[in-house]
Amino acid sequence: MSVKKTISLQEDVFSLAQRNAKLMCNGNLSNYINAMIYNANKDEIDKLQENKPRRCGVIFTATKSTTC
C-alpha cells in the first residue's frame with residue numbers, strides 16, 4: 001500500500017536527486033526517494049514487516065461458469 005505525501009526539497013538537493021533518478025530509476029523521482037530511504041533503513045523496515053500478517057494458503061483465480 002502506498003501513501004501519498006508532499007515533501008519540500010532545496011533546489012540543489014532536488015536537482016541532484018532528479019539527475020540521479022534519471023540514472024537509477026528511469027527518471028521516476030518517487031522511486032528514487034523510496035529506494036534511498038529503504039536502503040538507509042533496511043533493518044528497521046524489515047522488523048516492521050515481521051509484525052504484519054502474512055498471506056497464507058494458495059492463491060488462485062476465481063472461475064464462474066453458468067449453464068442456462
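Residues numbered from 1 in each chain as written. Predicted model: local features only at pLDDT ≥ 70, side-chain atom pairs only at ≥ 80, totals over all residues. Heavy atoms only, no water.

Time to look at the overall build of the chain. Each helix and strand in the chain was counted, giving three helices and zero strands. Along its sequence from the N terminus, the chain presents helices and strands in the succession α-α-α. Taking the principal axes of the C-alpha coordinates as reference, the chain spans close to 65 × 35 × 20 Å. Taken across its 68 residues, the chain has 6% of its residues classed as buried. With the model as given, the accessible surface of the chain reaches about 7100 Å², and the carbon-plus-sulfur share is 52%. (Helix = DSSP H or I, 4+ residues; strand = E, 2+ residues; numbered from the N terminus. Buried < 20%, exposed > 50% of the residue type's maximum accessible area, 1.4 Å probe, protein only. Areas by Shrake-Rupley, 256 points an atom, 1.4 Å probe, with all protein chains shown as cover.)

What follows covers unusual backbone geometry. In the Ramachandran plot, Asn26 falls in the positive-phi region, its phi being about 55° despite a non-glycine side chain. Structurally, the position occupied by Asn26 is in the loop between α1 (11-24) and α2 (29-40). A relative accessible area of 79% places Asn26 in the exposed class.

Here we take up the environment of Ala40. Position of Ala40 relative to the elements: it lies in helix α2. Judged by relative accessible area, Ala40 falls into the exposed class, the value being 62%. Placed 17 residues apart in sequence, Ala40 and Leu23 show a C-alpha to C-alpha distance of 19 Å.

On average, residues of the chain score 87 in pLDDT, and 99% of them reach the 70 mark or higher. Per-element averaging of pLDDT across the chain places helix α3 (residues 42-50) at the bottom with 88 and α1 at the top with 94. (pLDDT = per-residue confidence, 0-100.)

Here the focus is a negative patch on the surface. A contiguous patch of negative charge, built from Asp43, Glu44, Asp46 and Glu50, is present on the exposed surface. Along the chain, the position of Asp43 falls in helix α3. A relative accessible area of 59% means that Asp43 is categorised as exposed. (Patch = residues over 30% accessible without salt bridge, like charges linked within 9 Å, V, L, I, M, F, W, Y side chains within 5 Å. Salt bridge = Lys/Arg side-chain N within 4 Å of Asp/Glu carboxyl O. Lys, Arg positive; Asp, Glu negative; His and termini not counted. Charge placed at Lys NZ, Arg CZ, Asp CG, Glu CD.)

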